[in-house]
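Reading the structure
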Amino acid sequence: MYIVDRTLRFTRGVLLSYGPKSIKTFFWDREFSNGQWNFLDDTAGDCVYSHLERFSANRAILDLGCGPGNTANESAPVYLKYVGVDISEEALAKARRRTEQNGRSRKNHFERGDFLSYVPPQKFDVILFREAMYHVPLGKVKKILDRFSEYLADGGVFIVRLYVSRKGQTSSRPAAMIGIMEREFDVVEKSHYPESGSTVIVFRPRGLSLSENGRKNGARHN
């Protein structure tokens, strides 16, 4: 039974990373509609929020793989504009309901799409990857980040949160992703949170100047 379960989880993971959009949409809509991801509905206090708030005050955020709207509704509303992208209409419907209930409809906007091929409508000051980065094939991490670099405003940053360790054991794939970001980009902040096993890394493309506004954010490398 263990082998069968592991095989099914592996197959699902492959399809969600490499499968066609129709397959990804089917899986995510089904899983969100049957309540499989309801445990994600409350992530208040997530370690990524303090980093996000430092870099998003009066600025625009692009949240790739936004799910049911946690970032859009739990982070402090210091941002000017938020655009969340997700492949699941079921997740986006929940995100929109939460946004309406929280009175953030003027700030928050949601678009349906596969973030791997999504083309942003403008440049953003912050491009955020939370759980979404797990669905980027390891060999495409730099390619995806390079493509989205074109949509970073002057002084803009990527913010990525990954669970790098679980129960004290390092997870090799997320750790390898962090390694790519450290080697290929200029790291502004990097913090590890042992209680959750999460690492948050803030970085920008090499050679991208830090704007005056970015300096005011107190950008630093921990």
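These numbers were taken from a predicted model, which means no experiment stands behind them.

1. A word on the overall build of the protein
From N to C terminus, the protein includes eight helices and nine strands. Counting only contacts in the protein whose residues sit at least 6 apart along the sequence, the fraction spanning at least 24 positions is 67%. Accessible surface, the protein as shown: approximately 11000 Å² in total, 53% of it carbon and sulfur.

2. A short note on the packing of aromatic side chains
All chains considered together, the criterion is met by eight aromatic pairs. Between Tyr79 and Tyr82, the ring centres sit 6.2 Å apart and the planes meet at 55°, which makes this aromatic pair tilted. You can call Tyr79 buried: its relative accessible area is 1%. Judged by relative accessible area, which is 0%, Tyr82 ranks as buried.

3. Remarks on the packing of helix α6 (residues 141-149) against helix α7 (residues 172-184)
Where α6 contacts α7, the two axes come as close as 10 Å, and the packing angle between them is 50°. By the angle between their directions, the pair α6 and α7 is classed as oblique. Where α6 crosses over α7, the two elements pack in a sense that is right-handed. Side by side, α6 and α7 meet where Val141, Lys142 and Leu145 of the first sit next to Met177, Ile180, Met181 and Glu184 of the second.

4. Topic: the confidence of the model for the protein
The predicted model of the protein averages 84 in pLDDT, with 80% of residues at 70 or higher. Confidence drops under pLDDT 50 across residues 1-12; counting only partners more than four residues distant or on other chains, this segment forms three contacts.

5. Brief notes about the sheet that holds strand β3 (residues 108-112)
Strand order in the open sheet made by the seven strands is β3-β2-β1-β4-β5-β9-β8, with mixed pairing throughout. At either end of the open sheet lies a strand with only one pairing partner, and these are β3 and β8 (186-193). Each strand axis lies, on average, 15° off the axis of its neighbour in the sheet, ignoring direction. Across six bridges, the pairing between strand β5 (residues 152-163) and strand β9 (residues 198-204) is antiparallel. From the neighbouring strand, Arg161 faces β9, where its bridge partner is Val200. On the sheet, helix α3 (residues 48-56) packs against β1 (60-64), β4 (124-129), β5, β8 and β9 and is oriented at approximately 150° with respect to β8.

6. Remarks on unusual backbone geometry
Most peptide bonds are trans, and most residues other than glycine sit at a negative phi. Its identity is not glycine, yet Asn58 carries a phi of approximately 60°, on the positive side. Within the secondary structure, Asn58 is located in the loop between α3 and β1. What makes Asn58 exposed here is its relative accessible area of 61%.

7. Points about the nonpolar core
One finds Ile127, Phe129 and Met181 to be the most contacted residues of the largest nonpolar core, which totals 33 residues. Contacts of Ile127, omitting those with residues within four sequence positions, involve Leu62, Leu64, Phe148, Tyr151, Leu152, Val157, Phe158 and Ile159. Among the nonpolar cores identified, the runner-up in size contains 21 residues, and Ala95, Val126, Ile159 and Val200 belong to it.

8. Topic: the pattern of salt bridges
Applying the stated criterion across every chain, the model contains nine salt bridges. Across the salt bridge formed by Asp46 and Arg161, the nearest N and O atoms sit 3.0 Å from each other. Remark: Arg161 occurs in strand β5 and Asp46 occurs in the loop between α2 (21-33) and α3; sequence separation between them is 115 residues. In terms of burial, Asp46 and Arg161 fall into one category: buried. A salt bridge links Glu182 to Lys190, with the nearest nitrogen and oxygen atoms 2.8 Å apart. For Glu182, a relative accessible area of 33% gives the class partly exposed. According to the relative accessible area criterion, Lys190 is partly exposed, its value standing at 30%. Salt bridges linked by common partners bring Asp46, Arg130, Glu131 and Arg161 together as one network.

Cut-offs used in this document
- Residues numbered from 1 in each chain as written.
- Predicted model: local features only at pLDDT ≥ 70, side-chain atom pairs only at ≥ 80, totals over all residues.
- Heavy atoms only, no water.
- Helix = DSSP H or I, 4+ residues; strand = E, 2+ residues; numbered from the N terminus.
- Contact = heavy atoms within 4.5 Å.
- Areas by Shrake-Rupley, 256 points an atom, 1.4 Å probe, with all protein chains shown as cover.
- Phe/Tyr/Trp six-rings, centres within 6.5 Å; stacked < 30°, edge-to-face > 60°.
- Buried < 20%, exposed > 50% of the residue type's maximum accessible area, 1.4 Å probe, protein only.
- Axes fitted to C-alpha atoms, helices over the stretch in contact; angles between N-to-C directions.
- Parallel < 35°, antiparallel > 145°, perpendicular 65-115°, else oblique.
- Left-handed = near helix turned anticlockwise from the far one by under 90°.
- pLDDT = per-residue confidence, 0-100.
- Pairing = 2+ DSSP bridges.
- Core = buried A, V, L, I, M, F, W, Y, C linked by side-chain atoms within 4.5 Å.
- Salt bridge = Lys/Arg side-chain N within 4 Å of Asp/Glu carboxyl O.

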